[in-house]
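# Summary of structural features
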Amino acid sequence: MCGIVGVVSNPSAKDIVLTGLQRLEYRGYDSAGIATLNSSGSIELRRAVGKLQALVTETETNPLQSATTGIGHTRWATHGAPTTANAHPHIGHMGKHKLAVVHNGIIENYQELRAELGQLGATFHSQTDTETIPYVIATALERSAETLPQAVHAATQKFRGSFAFVVMQEDQPDVLTGTRRGAPLCVGVGEGANYLASDPLALAGLTSKFIFLEDDDIATITPKGVSILDGKGKPVDRPVKVLDLTTDLAGKNGFKHFMLKEIHEQPAVVSRLLQSYTNPVDLSPVLPLQGLNLAGITHINIIACGTAYYASLIGKHYIEQFARIPVNVEVASEFRYRNPPYQKGGLFIAVSQSGETADTLAALEHAKAAGQNILVFTNVTTSSMARAADAVVDLMAGREIAVASTKAFMAMSVALGLFALQLAGAKGQAAAEILEASRALRTLPAFLSSQIATTKPLEELTEKLLETGSMLYLGRGSLAPIAFEGALKIKEIAYIHAEAYASGEMKHGPIALVDKSLPVVNLATSTDGLFEKTVSNLKEVEARHGQIILVTDAEGIAKLDSASRDKMHLITVPTVPAFIAPMVFTVPLQLLAYLTATAKGTDVDQPRNLAKSVTVE
Ligand code: M6R
């Protein structure tokens, strides 16, 4: 989603901003812009639609004067189409005060504000909500605020919605002020120069010291240092965290795309989780859950979005099966607004790769305000969700760059499995079953590696999918979430419409779609006791001449009659214990989406319209 970079007191301000924006490209965007404050104190603006290269070209065609202060932005369009006029920074002025602003999030009451500001003489040049921000701040400066931070504080009282923004004021070189509410913003503490960014990655190589702002903090950076006001306008100190971002800067490591690299990293991610979160002697899970009373938990809500939601559905299977505790899994965007009743003894779990997804964060805050214990599974331990939690499980997947999540999904599934086993242990459930599942997890990295290397049958299938407009994915039990995840992946990067259902649901509606042109991907393991049921569903597809793609193991294949088998496209996976089958079955579906997308020539790592971290509701 949108990205912000700001710098003061660095003679390479323009280059730092452009490099920072390039590091944030992976988050998804459709236009970009930069504003610098030149040596005569004037704001200079350059903006362009499309990839960052278009902005770089624009700055080459119309060079900026030298400057030590700059702000930049990658925009993912919400209010207003991706046009140059709607790209950030936006400029606003009242009286003698002229400001440039870059903003992530949404100012929900922007229409009221536009009307109000219009009466004060503001002229809007874009369709964005953002353009109100510099005008509201300039009005505060014009009326009573003595300093930029005071004006920002006054302005934030007027804004509804979520935001992170950075303001630059004309005639005020080497000063930037930024604030946040609901969307991330951090300060990079440098030597002589200081920085603001929506993601520390933008500042990698410039500093390793970061301050993560709390909601409504207002940070002002100058060459001399950083000063922060809290939401009440009082000076406050926030801790400085030291982050090593060198591995985050690693490139594709010889792979054609980050997505493929990340698929290949999955065995190592699982090994790291097992090494960190299991006792090497008895294999028992040892997740860092000291902040929680596991034995006292009576029910669980798991909240997430997208791929994290599907991983959460696998988590539900594990927790209910092993710990025998009821689990509700819900998409975050629905959970908060239905005003769910909470009961004592409830645990609220948020699952999020980024830890910044606006819907999940809002649901978490709702549950926290209601007194629920909060556990967060995230890949970013400095994220807003991690900071709000009673306990945090680090997914240890390493930075995920491709928009389509793969290794984080794998890490979520494994970590939730470990959580279920640890909870089961705390609840006194059968030790033998827990041990058996822990042993199965130990074998997972090797199975994943061999599965990742098995691309031939998928490549053959890819050719058949090139002209396909629609697909169906089916799975039962803990493989139903994998069907959902497989359909999401092929939609996201190969732009093929795909529906996923729990296999048993097919006959309640989607079967109407089945004809000889419809590829139906079925997932079935011989080890979960549900294989025969799935074969019945396969027969229903076969009877209607659907194109069956069956992902199963050798035992499963042996159970099929040869006539049916000959009509199917078979993708073989190893025979594995049911506990790890979801993870093993995930790999061919990731690769199928990847290979189809590359054959179609789509932008695999940054697919159209998508953002990596969705920080708006
Ligand atoms: O960062 P999160 O895990 O909270 O993100 C949730 C979803 O936005 C994310 O999983 C999305 O669905 C991915 N594009 C899936 O590939």
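Residues numbered from 1 in each chain as written. Predicted model: local features only at pLDDT ≥ 70, side-chain atom pairs only at ≥ 80, totals over all residues. Heavy atoms only, no water.

From N to C terminus, the protein chain includes 19 helices and 24 strands. Computed over the C-alpha atoms, the radius of gyration of the protein chain is 26 Å, within 12% of the 25 Å expected from 2.2 N^0.38 for a compact globule of 617 residues. For the protein chain, the spread of C-alpha atoms along the principal axes amounts to about 80 × 55 × 45 Å. Across the 617 residues in the protein chain, those meeting the buried criterion constitute 59%. Across the protein chain, contacts joining residues at least 24 apart in sequence account for 71% of those joining residues at least 6 apart. With an accessible surface of roughly 23,000 Å², the protein chain has 50% of that area assigned to carbon and sulfur atoms. Within the protein chain, one finds 53 positive and 60 negative side-chain charges whose respective centroids are separated by 2 Å. (Helix = DSSP H or I, 4+ residues; strand = E, 2+ residues; numbered from the N terminus. Rg over C-alpha atoms; globule rule 2.2 N^0.38 Å. Buried < 20%, exposed > 50% of the residue type's maximum accessible area, 1.4 Å probe, protein only. Contact = heavy atoms within 4.5 Å. Areas by Shrake-Rupley, 256 points an atom, 1.4 Å probe, with all protein chains shown as cover. Lys, Arg positive; Asp, Glu negative; His and termini not counted. Charge placed at Lys NZ, Arg CZ, Asp CG, Glu CD.)

The next point concerns the pairing of strand E8 (residues 176-181). Of all six residues making up E8, five are buried, and the element is well covered by its neighbours. Taking the residues that link successive antiparallel strands as the turn, the strand E7 (residues 161-169)-E8 hairpin has six residues, and the phi of Asp-171 there is positive, at about 70 degrees. Taken together, the four bridges between E8 and strand E12 (residues 218-222) define a ladder with antiparallel strand orientation. Residue Thr-177 lies in a different strand from E12, and its bridge partner there is Thr-220. (Pairing = 2+ DSSP bridges.)

On to the site of the ligand. Inspection of the region around the ligand gives 15 residues, with Ser-352, Gln-353, Ser-354, Thr-357 and Glu-492 positioned closest. Taking Lys-489, its side chain carries an N or O atom lying 3.1 Å from an oxygen atom of the ligand. Isolated, the ligand exposes 410 Å² of accessible area, and the fraction of that covered by the protein chains is 92%. At the level of elements, helix H8 (306-323) and helix H15 (480-494) are the ones that each hand at least two residues to the shell around the ligand. For the shell around the ligand, the per-class residue count stands at six nonpolar, seven polar and two charged. (Near = heavy atom within 4 Å. Polar contact = N/O pair within 3.5 Å; in protein donor to acceptor, adjacent residues only side chain to side chain. Nonpolar A, V, L, I, M, F, W, Y, C, P; charged D, E, K, R; others polar.)

In this section: the domain arrangement of the protein chain. Along its sequence, the protein chain is organised into domain 1 (3-247), domain 2 (258-451) and domain 3 (456-600). Its C-alpha centre places domain 1 at a distance of 34 Å from the equivalent point of domain 2. Contact with domain 1, which involves 12 residues of that partner, is made by 10 residues of domain 2. Summing the contributions of domain 1 and of domain 2, the shared interface buries around 920 Å²; its carbon and sulfur component is 50%. When the buried surface of domain 1 facing domain 2 is broken down by residue, Tyr-26, Pro-184 and Phe-212 rank first, second and third, together holding 46% of it. (Domains from an automatic or database assignment. Buried area = accessible area lost by both parts, 1.4 Å probe.)

Right, let's talk about helix H5 (residues 148-156) for a bit. In terms of burial, H5 is a largely internal element, seven of the nine residues being buried. Structurally, H5 contributes buried residues whose contacts are with strand E6 (97-107), helix H4 (132-143), E7, E8, E12 and strand E13 (225-229).

In terms of nonpolar packing, the biggest core is built from 130 residues, with Ile-300, Phe-419 and Tyr-473 touching the most fellow members. Apart from the residues lying within four places of it in its own chain, the contact partners of Ile-300 are Ile-319, Ile-325, Pro-326, Val-327, Asn-328, Leu-347, Ile-349, Phe-419 and Leu-423. Of all hydrophobic cores here, the second largest spans 26 residues; its members include Tyr-110, Leu-117, Val-136 and Phe-159. (Core = buried A, V, L, I, M, F, W, Y, C linked by side-chain atoms within 4.5 Å.)

The next point concerns the packing of H15 against helix H19 (residues 581-600). Following both chains from N to C, one finds H15 and H19 inclined at 15 degrees, their axes separated by 9 Å at the closest point. Our classification of the angle between H15 and H19 gives roughly parallel. Considering only the axes of H15 and H19, their crossing is right-handed. Residues Ile-482, Gly-486, Lys-489, Ile-490, Ile-493 and Ala-494 of H15 form the contact with H19, whose participating residues are Pro-582, Phe-585, Thr-586, Leu-589, Leu-592, Ala-593, Tyr-594, Thr-596, Ala-597 and Lys-600. Looking at the contact of H15 with H19, its residues break down into 11 nonpolar, three polar and two charged. (Axes fitted to C-alpha atoms, helices over the stretch in contact; angles between N-to-C directions. Parallel < 35°, antiparallel > 145°, perpendicular 65-115°, else oblique. Left-handed = near helix turned anticlockwise from the far one by under 90°.)

Let us look at empty space enclosed by the protein. Enumeration over the complete set of coordinates arrives at one cavity of 30 Å³ or more. Estimates place the volume of the largest cavity at around 80 Å³. Arg-75, Thr-78, His-88, Asp-129 and Thr-130 are the residues nearest the centre of the largest cavity, which is lined by 13 residues in total. For the lining of the largest cavity, the elements supplying multiple residues, two or more each, are strand E4 (67-75) and E6. Of the residues contributing to the lining of the largest cavity, the split by class is three nonpolar, eight polar and two charged. (1 Å grid on protein atoms, 1.4 Å probe; cavity = no way out; pocket = protein on both sides within 12 Å on 5 of 7 lines; lining within 4 Å. Points joined across faces, edges and corners; volume = space filled by probe spheres on them.)

This part takes up helix H7 (residues 266-277). Here H7 is 12 residues long and its end C-alpha atoms lie 16 Å apart, about the 16 Å a rise of 1.5 Å per residue gives. Along H7, the residues classified as buried are Gln-266, Pro-267, Val-269, Val-270, Leu-273, Leu-274 and Tyr-277. The buried residues of H7 occupy one face: seen down the axis, they fall within an arc of 165 degrees. Where H7 is buried, its residues meet helix H6 (258-264), strand E19 (391-394), helix H12 (407-426), helix H13 (431-452) and H19. (Expected span 1.5 Å × (residues − 1). Arc of directions from axis to C-beta.)

Turning to the packing of aromatic side chains, a few remarks are in order. For any pair of aromatic rings, geometry is given as the distance between the ring centres together with the angle between the planes. Per the stated rule, a full pass over the model turns up 12 aromatic pairs. Their ring planes at 40 degrees and their centres at 6.5 Å tell us that Phe-210 and Phe-212 sit as a pair that is tilted. Pairing Phe-335 with Tyr-342 gives two aromatic rings, centres 6.1 Å apart and planes at 65 degrees, and the pair type is edge-to-face. Take Phe-335: its relative accessible area is 0%, and that puts it in the buried class. An aromatic cluster of three or more residues is present, and its members are Phe-159, Phe-163 and Phe-165. Lying over the aromatic face of Phe-124, Arg-114 brings its terminal NZ or CZ to 4.5 Å of the ring centre. In this structure, Arg-608 is placed above the aromatic ring of Tyr-495, and the distance from its NZ or CZ to the ring centre is 3.8 Å. (Phe/Tyr/Trp six-rings, centres within 6.5 Å; stacked < 30°, edge-to-face > 60°. Lys NZ or Arg CZ within 6 Å of the ring centre and 35° of its normal.)

All right, on to the sheet that holds strand E22 (residues 519-523) then. Spatially, the five strands line up as an open sheet ordered E21-E20-E22-E23-E24, and their pairing is parallel. Every other strand in the sheet has two partners, leaving strand E21 (497-502) and strand E24 (569-572) as the edge strands with one partner each. Geometrically, the sheet is characterised by an average inter-axis angle of 20 degrees between neighbouring strands, direction not taken into account. Where strand E23 (residues 547-552) meets E24, four bridges bridge the pair, whose relative direction is parallel. If you follow Ile-549 over to E24, its bridge partner there is His-569. Where helix H14 (residues 456-465) meets the sheet, its contacts fall on strand E20 (470-475), E22, E23 and E24, and the angle it forms with E24 comes to roughly 145 degrees.

Below, the discussion takes up the sheet that holds strand E2 (residues 31-38). Ordered by their spatial adjacency, eight strands build an open sheet running E3-E2-E4-E1-E10-E9-E11-E14, and the pairing between neighbours is antiparallel. What marks the edges here is a single partner per strand, and that holds for strand E3 (43-49) and strand E14 (241-242). The sheet contact formed by strand E9 (residues 186-189) and strand E10 (residues 194-197) spans four bridges and is antiparallel. Residue pairing in the sheet places Gly-188 in a bridge with Tyr-195 of E10.

For the peptide bond that leads from His-88 to Pro-89, omega is -5 degrees, which places it in the cis range. Along the chain, Pro-89 falls in the loop between E4 and strand E5 (90-94). Within the chain, Asp-216 stands out as a residue other than glycine whose phi angle is a positive 70 degrees. Positionally, Asp-216 belongs in the loop between strand E11 (209-212) and E12. Residue classification places Asp-216 among the partly exposed residues on the basis of a relative accessible area of 23%. You will see that Asn-609, though not glycine, has its phi angle at about 70 degrees, which is positive. Along the chain, the position of Asn-609 falls in the segment after H19. Classification of Asn-609 by relative accessible area gives exposed; the value is 63%.

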